[in-house]
Amino acid sequence: MPMPLSTWSIRNPIPPLVLFLVLIVAGSISFKFLPITQLPNLVIPIVVVNVNQPGAAPSEMETQVTQKIEGAVTGITGVKHINSTISEGSSSTMIEFYMSTEIDRAVNDTRDAISKIRSELPNNVLDPVIERLEAESQPILIYTLGSSELNQEELSWYIDDTLSRELLAIPGVASVSRNGGIDREIILVLNPERLSAYGISAAQVSQQISSTNINMPSGRFNVGDQEYTLRTLGSQKTIEELENLWIHLNNDQQVKLTDLGNIVDGTIEQRNLTRQNNLPVITFSITRSKGSSDINVGDAVAKKISELSAKNPNLKFSLALSMVEFTQTTYDSTIYTFFEAAILTILVIFIFLKDIRATFIAAITIPLSIIPTFIFMNMMGFSLNMVSLLAISLVTGVLVDDAIVEIENIHRHMKEGLKPFKASVIAANEIGLAVVATTMVICSVFVPVSFMDGIAGQYFREFGLTVAISAFFSLVVARLLTPMLCAYFLKMPKYLHDEEKQGFIMKRYQSILRWTLAHRAKTVSLAFLVMFFSFGLAKYVPSDFIPASDYGQSRLSVQLPRGVSAKDTDAIMQEISAILEKREEVVSTITSVSSQNVNRGEINIKLLPADERTLSQREFESDVLPSLLALADVKVEFSKVEGGKDLSYNLIGSNSELLTITAQNIAREMRTLPELISVNTSASERQPELTVTPDYAKAASLGITPVQIGQALNIASLGDIEANLGKFSEGSRQLPIRVRLPAADKQNIEILHNLPIKTANGNSVPLSAIASFEFNLGPTVIERYDRIQKIAIEANLNNVVLGEAESKFFELPSVKNLPEGITLTRSGDSEVFAELLRNFFLAIGAGLLLVYIVQVLLYKDWLQPLTRMAALPLSIGGAFLLLLITDTAFSMPVMIGMLMLMGIADKNAILLVDYMLELLDRGYTKQEAILKACQVRARPIIMTSLAMLAGMIPISLGIGLNTEFKAPMAVAVVGGLISSTLLSLIFVPVLFSLMRDFREFLAKKLRPLVNQEE
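Residues numbered from 1 in each chain as written. Predicted model: local features only at pLDDT ≥ 70, side-chain atom pairs only at ≥ 80, totals over all residues. Heavy atoms only, no water.

> Whenever I open this one, the overall build of the protein confuses me. Can you help?
If you tally the helices and strands in the protein, you get 31 helices and 31 strands. Taken over the C-alpha atoms alone, the protein extends approximately 120 × 75 × 65 Å along its principal axes. Counting across all 1014 residues of the protein, residues that qualify as buried make up 54%. Excluding contacts between residues fewer than 6 apart, the proportion of contacts in the protein whose partners are at least 24 apart in sequence is 79%. Once the 85 positive and 102 negative side-chain charges of the protein are each reduced to a mean point, those two points are 10 Å apart. (Helix = DSSP H or I, 4+ residues; strand = E, 2+ residues; numbered from the N terminus. Buried < 20%, exposed > 50% of the residue type's maximum accessible area, 1.4 Å probe, protein only. Contact = heavy atoms within 4.5 Å. Lys, Arg positive; Asp, Glu negative; His and termini not counted. Charge placed at Lys NZ, Arg CZ, Asp CG, Glu CD.)

> Whenever I open this one, the nonpolar core confuses me. Can you help?
Soluble, globular proteins show a tendency: their nonpolar side chains are buried together. Ranked by size, the top nonpolar core spans 205 residues in total, and within it F284, V301, F460 and M670 carry the most contacts. Element by element, the count of residues in this core is highest for helix α29 (residues 892–921), at 21 residues. With residues up to four places along the chain from it excluded, the contact list for F460 reads V449, S450, M452, L465, L836, F840, M892, M895, I896 and L899. (Core = buried A, V, L, I, M, F, W, Y, C linked by side-chain atoms within 4.5 Å.)

> Even after reading the chapter, I still don't get the pattern of salt bridges, so can you show me in this structure?
A side chain of one charge can pair with a side chain of the opposite charge when the charged atoms of the two come close. The tally for this structure, following the rule as stated, stands at 34 salt bridges. Measuring nitrogen to oxygen at the nearest pair gives 2.8 Å for the salt bridge that ties D550 to R613. Here R613 lies in the loop between β19 (600–607) and α19 (617–629) and D550 lies in the loop between α17 (520–537) and β17 (553–559), a separation of 63 residues in the sequence. When sorted by exposure, D550 lands in the same class as R613, which is buried. D646 serves as the salt-bridge partner of R618, at 2.7 Å between the closest nitrogen and oxygen. With a gap of 28 residues between them, R618 in helix α19 and D646 in the loop between β20 (635–639) and β21 (647–652) connect regions that are remote in the sequence. With relative accessibility at 23%, the residue R618 sits in the partly exposed group. Owing to a relative accessible area of 5%, D646 belongs among the buried residues under this scheme. Linked through salt bridges whose partners overlap, the residues forming this network are R412, E416, E430, E918 and R922. (Salt bridge = Lys/Arg side-chain N within 4 Å of Asp/Glu carboxyl O.)

> In this structure, what is going on with the side chain of N83? I would like to understand it.
Assignment of secondary structure puts N83 in strand β2 (residues 79–87). At a separation of 3.2 Å, a polar atom in the side chain of N83 contacts the side chain of K790. Residue contacts for N83: discarding those within four places in its chain leaves S92, T93, M94, R784, Y785 and K790. (Polar contact = N/O pair within 3.5 Å; in protein donor to acceptor, adjacent residues only side chain to side chain.)

> How should I be thinking about the pairing of strand β9 (residues 226–233) in this particular structure?
Consecutive residues of a regular strand have side chains that alternate between opposite faces of the sheet. With seven bridges connecting them, strand β8 (residues 215–223) and β9 associate as antiparallel partners. Bridging across to β9, M216 finds its partner in T232. Here β8 folds back onto β9, and the loop between the two strands holds two residues, one of which, G224, carries a positive phi near 70 degrees. (Pairing = 2+ DSSP bridges.)

> Explain the packing of aromatic side chains to me, please; I cannot follow it from the model alone.
To describe a pair of aromatic rings, you give the distance between the ring centres and the angle between the ring planes. According to the stated counting rule, one finds 17 aromatic pairs in the structure shown. On the numbers, 6.1 Å between centres and 45 degrees between planes, the contact of F460 with F840 is tilted. Linking F460 in helix α15 (residues 455–489) with F840 in helix α26 (residues 828–859), this pair joins segments that are 380 residues apart in sequence. Residue F460 shares its accessibility class with F840, and that shared class is buried. Seen in terms of ring centroids, Y649 and F810 are 5.6 Å apart; in terms of plane orientation they differ by 80 degrees. Their pairing is edge-to-face. Here Y649, found in strand β21, pairs with F810, found in the loop between α24 (802–809) and α25 (813–816); they are 161 residues apart in sequence, far enough to count as distant. Exposure remark for Y649: the relative accessible area of 1% places this residue in the buried category. Classification of F810 as partly exposed rests on a relative accessible area of 31%. Three or more aromatic residues joined by ring pairs form one cluster here, namely Y143, F284 and F317. Across from the ring centre of W157, 3.9 Å away, lies the NZ or CZ of R733, which sits over that ring. (Phe/Tyr/Trp six-rings, centres within 6.5 Å; stacked < 30°, edge-to-face > 60°. Lys NZ or Arg CZ within 6 Å of the ring centre and 35° of its normal.)

> What am I meant to see in the sheet that holds strand β25 (residues 733–740) here?
Note on sheets: strands pair through backbone hydrogen bonds, and any given pair is parallel or antiparallel. Strand order in the open sheet formed by four strands is β12-β7-β25-β24, with mixed pairing between adjacent strands. Edge positions in the sheet fall to β12 (261–267) and β24 (726–730), since each has one partner strand and no second. Taken over all neighbouring pairs, the strand axes of this sheet differ in orientation by 30 degrees on average, direction set aside. Pairing geometry for strand β7 (residues 184–190) and β12, over seven bridges, is antiparallel. For V189, the partnering residue across the bridge sits in β12 and is N262. Against the sheet, helix α7 (residues 202–212) touches β7, β24 and β25, its axis set at about 160 degrees to β25. (Axes fitted to C-alpha atoms, helices over the stretch in contact; angles between N-to-C directions.)

> Which parts of the structure should I look at to understand α29?
Along an α-helix, residues three or four positions apart point the same way, because every turn accommodates 3.6 residues. Between its first and last C-alpha atoms α29 spans 44 Å; for 30 residues at 1.5 Å apiece the expected length is 44 Å, and the two agree. Just beyond α29, the residue with positive phi is G923, at close to 110 degrees. (Expected span 1.5 Å × (residues − 1).)

> Quick question: what am I supposed to make of unusual backbone geometry here?
Excluding glycine, residues mostly carry a negative phi; peptide bonds, for their part, are mostly trans. Unusually for a residue other than glycine, D786 sits at a positive phi of about 50 degrees. Among the structural elements, D786 can be located in the loop between β29 (781–785) and β30 (788–797). Taking relative accessible area as the criterion, D786 reaches 29% and is therefore assigned partly exposed. A positive phi angle, near 70 degrees, is found at R787, a position not held by glycine. Relative to the helices and strands, R787 resides in the loop between β29 and β30. Since its relative accessible area comes to 41%, R787 is described here as partly exposed.

> When you look at the pairing of strand β5 (residues 141–147) in this model, what are you seeing that I'm missing?
With six of seven residues buried, β5 is to be regarded as a mostly interior element. Inspection of the sheet shows β5 paired to strand β15 (residues 282–288) by five bridges, in the antiparallel sense. Residue pairing for β15: L141 is matched across the bridge by I286. With seven bridges connecting them, β5 and strand β16 (residues 315–322) associate as antiparallel partners.

Read these as geometric descriptors, not functional statements.
In structure tokens form, the structure reads like this:
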């Protein structure tokens, strides 16, 4: 007969000690290499296709670009949804793939599909940019930069050139992006009268500058035995040389550039205005690369900024916003919670065992189980984030369970007179199968959930595998180390053969058990009532996706009517900023006017740390919003720091007019709901357009195409696209040479009427001779969902949870009575939460099946595992009841707590049933076995439950910082743990009794059908 593992360990202590020494060293090293991040490393299978066509109206971009791109990518394998957003001169198509799709293949397939239709796109569009969407694309740091000596253009170039180069050299920094500032360029401001007089268009001037002001490689040439590289030098070295550049006219004459206009060494038009506390600044944001640590990157960037500031005293750097601070606070808070839970757990063990040595042996189980877990976390690419750290904190109480059960059993045998060595061997073997079963149950629950589909499933992956691996190591400790340490370090108790007297509670418990065993039908009926009551409570518990976190910063969007200038928008934003800065919660504000739409802007608000203010981030936003809404002709709304809003739906239909009307009706009704604030739709305002319609007969007779007209207008008003512009070299820097009309003349339509257009024979005609002009209105933004136009309807929650707001939303008359051809789909948090619920219950089902299979294989019995698993529903009632009492929503962290409850409830039942079966094998009657097992195993069950509660209660009370995610989970665990512990001690014995009778009944009926062995 092979020697049990625990016995081998007791008799051979050196190998286990060496094994754990190696694991502790390797785990400690792995811990140092684990990055610290806010969230797990998410892999989002989304590919984005961006196409720019400067000056193009959204309606033209939709038909000429977006629809062709959507058609090309629709046939790619694994496409789930296609979202497109079209604005002036820009089309962005986001292709979402199913989670099972490999992202690299998705990118390659998308690139191949776009390359096949590239020739079908307009000639003047820039090459499509295809890239994967990175979860780490959100900046973790935003700095401001000012100077007493450098102007805005010089500061902008310093950020783009020197600062970016220095910061990108830091390991873990993925990108450095500038916001605000202005770029330098060489501008040729054309004289419209001279253009008309010379008969040359702005497009021709720009094209000639681009083709003549350039240095070109020209091959190789041999002179004798020497080989030379050929270069053609056409680039002008100074502004004076550029001014004297000759331009060929249509009549074969030449003029200098200065004859056509003035050359200015200036800057582009500044549309993006950024200020901090009303002072002009330039900001730059920093994102980290995948797999790097927020903390390490933040520290390295701060160190580099300090060095640059010391070298350049005239530069003033200031940290405006930092997600690193939130990550650091979360990390520190979780580590504190872990040690707090560990200390309280150890204290509970000591109170029960009253033995310092036994308590120490149980206590070292925690580090011996967790530290080796870091090895596998590092191997699997995990990080120390909010989810994995929560797993480590939550599993603390579970890790000591196996050790507690073994130590308590050894203690009991020692009181019967056995020496520690003998007691450890016997007790460890006696409890071994139960310990293995309880650990396998926990692994069976968490492993299936780790492979849930969807974005939410990636949160559970790190959590589930971390718990499962920690539990596995706790089993290794319990089987190899705990019995061995007890055998060599425990001392004999003072009083042997001291059968502990039954106290009042135990006597009452035994009398209750006798009554329940005598009235099994009533007890089972009561159990069913408890179960139905438990699930009945669920509908009264509100639901949510993820509890709102307090990041210590808010993001406010500002919108003014179309047609206002960037300066007007900036002035209003400074007025709003002044209102915000009067609030005691506000530290600073950063305002930024959008360069794409100058009537829009954004204000980033930095708040005091959470423990230094009375209002949470959400409460502050709800409190300050009414004063901002009072501003005339200004639309303001808060959005989540990570982007988007709390409540989000897509309204889809092919009839754009009906779609807009329906969206407006729904939004109007939503604004009447007190549960919602910042209600908004993506139905864009109409922007003024000046349309130019060619006279096709006249244009064709002159050999002029609409493309020529469009290019001429675009270059004259905005300048050519960046790739086509000529470049002026100044050292290592290349400045674009932009050709355009004077800014003031853009307001004079006669300039456009007289704009020269080149004909096929080389002459030119004024634009008005071949085209008509008309003022119209057109959309500013067009959105599409799965190749149909959509309008997004969004809102923030006003101190309510997602489920409560959704129930009100779906009761709105306009939502219940959608017009024919209009559909409503979920998006954002609402979509992810619905997907999470579906996948979670599928994973729970798979986990329960795996739990049953594991117990069947371990115990070689088909019926008794059902007795053990019957304890699972008993934990649900307590969890939902406490959630209801504390007004805590059913959310992702609560689901995590429910998973842990499943493992704990089944563990308690295993300990009871396992000992009942053992006593039956010893010759006890069924009644005696049940009563004896409950008396012996009640103590370790209560010990392990109280140890778990000791760690969870401080978290459930919200003690510490950044507990928004952890507290709901702890509330569910506390409520479920209390109910499952108390009810399983009452109902499991009765269910065991019934199942035992049923087993004997089946055995009698089936025995004649089965061949009997001799």
